[in-house]
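# Tertiary structure, described
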Amino acid sequence: MEERSKSKGFCGWFIVLVVAAFVVAAIVLMVKTKIHHHHSEPELGPVPGPPGAVVKKYGDALKIAMQFFDVQKSGSLVKDEISWRGDSALDDGKEAKLDLSKGMYDAGDHMKFGFPMAFTATVLSWAILEYGDQMQTVNQLKPARNSLKWITDYLLNAHPSENELYVQVGDPDIDHKCWDRPEAMKEKRPLTQVNTSSPGTDVAAETAAAMASASLVFKSTDSTYSSLLLKHAKQLFTFADRYRGSYSESIPQVQNYYNSTGYGDELLWAASWLYHATGDKVYFDYVVGENAQAFANWGSPTWFSWDNKLAGTQVLLSRVNFFGTKDVANTENIQNYKKTAEAVMCGLLPKSPTATSSRTDSGLIWVSEWNSLQHPVASAFLAVLYSDYMLTSRTAKLSCSRKSYGPKDLREFAISQADYVLGDNPLKMSYLVGYGDKYPQYVHHRGASIPMAATTGCDGWQWLNSTDPNPNVAVGGLVGGPFLNETYVDSRNNTMQAEPSTYNSAVVVGLLSGLVTTSSVLKSLG
């Protein structure tokens, strides 16, 4: 009897101890889970202020990237920033009694295509407006403004009347049959325009966006010029909206070069910039009303490029939600733009549940084999902008299918894309010409490939086919980039990979300007 009691007592205490151990273990597990969960939440970090310390590699890269605008300049180069460049295309526009000598050549050729050139100006304006103070830390604000004005001077002259816009100088079919220096070219350079009978809503609206955004850039330094730009922007937007039609249909030739897939995105993009430039409710109503229903395509993330401006519009209008007054910030359709901007960001973040699979094995966003770097660099530019909007507005996180990410995550993504471009890639090669010890030597660029003293006429094909590296460096050019398997063929005849473009320079300048240091963004662009 006594032995049984002892046995029962021992068993009882054993059971109590086991239960207690389970309880303690459960508590420890709960605490660990809470701690882990706490650490996985995005950290907002300190309130950003004036520009901080410069990140040297991005500062150096920005100085180089900015120079490609000088490489591409047409017209009378009073001060030759690039030693191997000189005056060219001085008679452009003469047949219409216009001075269209300025502007910039599109890529490795000598065409002036108005659609991508206007996009270049819009993006460069945006970069200056958001990151001008950061550009200034490495003395690049003045060069950026000068290059922007070189384009907007051309765009102003290309708009001689309210419903008339010259959108192209040169015939690409003729131009591409020559291989010569711009300073020596003799081929015919006809003019192409859009007007009421041959509309070009897409190109006119993009030019309106360029002028509206540039008007903000020059508002504090040259109010007269700023007002002139805004006047032309309003006229062009009215023309674009009233006489609707794609320039690709009016000018079939451009379908082989810069084909527009639609004009709704440009109308919303231009109206968004005009709203920021004027504060006029007319433009606000335009982007949230029936045109938004027709063109905004909410909930469907897209790639930002010279052809598609929707992602840029969504990020730009998210500014209104982050920093606008309550009556506009809480408008349902402004929130729809912001939600779609967040969907774009979630697609970019590599660990997000909705991350895009359009990437190389090393993590570079990869969408197209032609000019493959345009999309990752443009996407990274939008990501760093959105990150800084979150920081400045003290927005701690965005949700991607119930997983939370913060501004730091977006910045890290942008850094990963920039670093890939600058040499952190399987080839250990910089895709920014002139940066680092290893970069493309056979860039598809006429002026860079032909010695200054050479006399070629139109038939300088020996320089295209030469096995020697380019005698002149197309400094700052961002070449097309790698294939999906992360290979690159350094050959002048490889236009798919080896040709730099002016609009590539705009997005890489924007990205590097956002990464060169950190600071608060302005709560108002006006």
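Criteria and thresholds
Residues numbered from 1 in each chain as written. Predicted model: local features only at pLDDT ≥ 70, side-chain atom pairs only at ≥ 80, totals over all residues. Heavy atoms only, no water. Helix = DSSP H or I, 4+ residues; strand = E, 2+ residues; numbered from the N terminus. Contact = heavy atoms within 4.5 Å. Areas by Shrake-Rupley, 256 points an atom, 1.4 Å probe, with all protein chains shown as cover. Lys, Arg positive; Asp, Glu negative; His and termini not counted. Charge placed at Lys NZ, Arg CZ, Asp CG, Glu CD. Disulfide = S-S within 2.5 Å. Buried < 20%, exposed > 50% of the residue type's maximum accessible area, 1.4 Å probe, protein only. Pairing = 2+ DSSP bridges. Core = buried A, V, L, I, M, F, W, Y, C linked by side-chain atoms within 4.5 Å. pLDDT = per-residue confidence, 0-100. Salt bridge = Lys/Arg side-chain N within 4 Å of Asp/Glu carboxyl O. 1 Å grid on protein atoms, 1.4 Å probe; cavity = no way out; pocket = protein on both sides within 12 Å on 5 of 7 lines; lining within 4 Å. Points joined across faces, edges and corners; volume = space filled by probe spheres on them. Nonpolar A, V, L, I, M, F, W, Y, C, P; charged D, E, K, R; others polar. Axes fitted to C-alpha atoms, helices over the stretch in contact; angles between N-to-C directions. Parallel < 35°, antiparallel > 145°, perpendicular 65-115°, else oblique. Left-handed = near helix turned anticlockwise from the far one by under 90°. Polar contact = N/O pair within 3.5 Å; in protein donor to acceptor, adjacent residues only side chain to side chain. Expected span 1.5 Å × (residues − 1). Phe/Tyr/Trp six-rings, centres within 6.5 Å; stacked < 30°, edge-to-face > 60°. Lys NZ or Arg CZ within 6 Å of the ring centre and 35° of its normal.

### Topic: the overall build of the protein
- When its secondary structure is counted, the protein shows 20 helices and 5 strands.
- Residue pairs in contact within the protein that sit at least 24 positions apart in sequence constitute 75% of those at least 6 positions apart.
- Entry remark: accessible area of the protein is about 22000 Å², with carbon and sulfur atoms responsible for 54%.
- Taken as two groups, the 47 positive and 53 negative side-chain charges of the protein have centres that lie 8 Å from each other.

### Thoughts on the state of the cysteines
- Taken as a whole, this structure holds 2 disulfides when the rule is applied.
- Residue pairing for C178: its cysteine sulfur links by disulfide to C458, the two sulfurs lying 1.8 Å apart. Here C178 and C458 share a disulfide; its torsion about the S-S bond, -95°, makes the bridge left-handed. Of this pair, C178 sits in the loop between α5 (172-175) and β3 (191-195) while C458 sits in the loop between α17 (446-449) and α18 (461-464), placing them 280 residues apart in sequence.
- A relative accessible area of 4% places C178 in the buried class.
- Each sulfur of the disulfide joining C346 and C400 lies 2.0 Å from the other.

### As for the pairing of strand β2 (residues 164-169)
- By the criterion of burial, β2 is predominantly enclosed, with 5 of the 6 residues buried.
- In this sheet, β2 lies alongside strand β1 (residues 112-113) in antiparallel orientation, the contact comprising 2 bridges. Considered in β2, the bridge of F113 is made with Q168.
- As judged from the 5 bridges shared by β2 and β3, these two strands associate in the antiparallel manner.

### As for the sheet that holds β3
- In spatial order, the strands read β1-β2-β3; together these 3 strands make up an open sheet with antiparallel pairing. Either end of the sheet is taken by a strand with one partner, and the two such strands are β1 and β3.

### A word on the nonpolar core
- Core analysis: the largest hydrophobic core is formed by 154 residues, its most contacted members being W126, W273 and M345.
- Residues in contact with M345, not counting those within four places in the same chain, are V315, L382, A383, Y386, L398 and L410.

### Section: the confidence of the model for the protein
- In the predicted model, the protein carries a mean pLDDT of 92, and 92% of its residues have values of at least 70.
- Segment residues 1-39: pLDDT under 50, and 0 contacts once partners within four positions in sequence are set aside and those in other chains are kept.

### Some words on the pattern of salt bridges
- All chains considered together, the criterion is met by 18 salt bridges.
- Residue D91 is joined to K94 by a salt bridge in which the shortest nitrogen-to-oxygen separation is 3.2 Å.
- We classify K94 as exposed; its relative accessible area is 57%.
- The salt bridge involving E183 is made with R181; its shortest N-O contact spans 3.4 Å.

### What about the layout of surface pockets?
- Put simply, the largest pocket is a space of about 670 Å³.
- What lines the largest pocket is a set of 31 residues, and nearest its centre among them are Y257, Y258, W370, E499 and Y503.
- Those elements that place two or more of their residues in the lining of the largest pocket are α15 (374-393), α18, α19 (495-498) and α20 (502-515).
- The class makeup of the residues in the lining of the largest pocket is 13 nonpolar, 14 polar and 4 charged.
- Considering only enclosed or pocket space, the second largest pocket measures out at about 490 Å³ in volume.

### Structural notes on unusual backbone geometry
- In this model, N139 sits at a positive phi of 60°, which is unusual for a non-glycine residue.
- A relative accessible area of 56% places N139 in the exposed class.
- With a phi angle near 55°, N297 is a residue other than glycine that sits in the positive phi range.
- Inspection of the secondary structure puts N297 in the loop between α11 (290-295) and α12 (310-323).
- Assessed through its relative accessible area of 42%, N297 is described here as partly exposed.

### Topic: the packing of helix α3 (residues 114-136) against α20
- As a packed pair, α3 and α20 sit with axes 8 Å apart at the nearest point and diverge in direction by 15°. Taken together, α3 and α20 sit at an angle that is classed as roughly parallel. Between α3 and α20 lies a crossing whose hand is left-handed. Of the residues in α20, those in contact with P116, F119, T120, V123, L124, A127, Y131, Q134 and M135 of α3 are T502, Y503, A506, V507, V509, G510, S513 and G514.
- In the contact of α3 with α20, the residues fall into 11 nonpolar, 6 polar and no charged.

### Side note on the side chain of T340
- Tracing the backbone through its elements, the reader meets T340 in helix α14 (residues 332-348).
- For T340, the side chain forms a polar contact with the main-chain oxygen of N336, separated by 2.8 Å.

### Overview of the environment of Q140
- Among the structural elements, Q140 can be located in the loop between α3 and α4 (141-157).
- Beyond its immediate sequence surroundings of up to four residues, Q140 is in contact with L62, K63, M66 and M135.

### Quick word on the environment of E187
- Tracing the chain through its elements places E187 in the loop between α5 and β3.
- Separated by 13 residues in the primary sequence, E187 and I174 place their C-alpha atoms 7.4 Å from one another.
- When sequence neighbours within four positions are dropped, the list of residues in contact with E187 reads H110, I174, D175, C178, D180 and R446.

### Quick notes on α20
- Between its first and last C-alpha, α20 extends 20 Å over 14 residues, near the 20 Å set by a 1.5 Å rise per residue.
- The buried fraction of α20 is high, at 14 of 14 residues.

### Remarks on the packing of aromatic side chains
- Within the structure shown, the criterion is met by 27 aromatic pairs.
- Taken together, a centroid distance of 5.0 Å and an interplanar angle of 75° make the contact between F237 and Y286 edge-to-face. Taken together, the positions of F237 in helix α7 (residues 223-242) and Y286 in helix α10 (residues 281-288) put the pair 49 residues apart, joining distant regions of the chain. Take F237 and Y286: they sit in the same class, and that class is buried.
- For the ring pair F323 and Y389, a centre distance of 6.0 Å and an interplane angle of 85° mean the geometry is edge-to-face. With F323 in helix α12 and Y389 in helix α15, the pair connects residues that are 66 residues apart, well separated along the chain.
- Note on F323: relative accessible area 16%, which makes it buried.
- On the accessibility criterion, Y389 (0% relative accessible area) is buried.
- Linked through ring pairs, F113, F115, Y247, Y257, Y258, W306 and Y503 together constitute an aromatic cluster.
- The ring of Y225 carries the charged tip of K149 above its face, separated from the ring centre by 4.7 Å.

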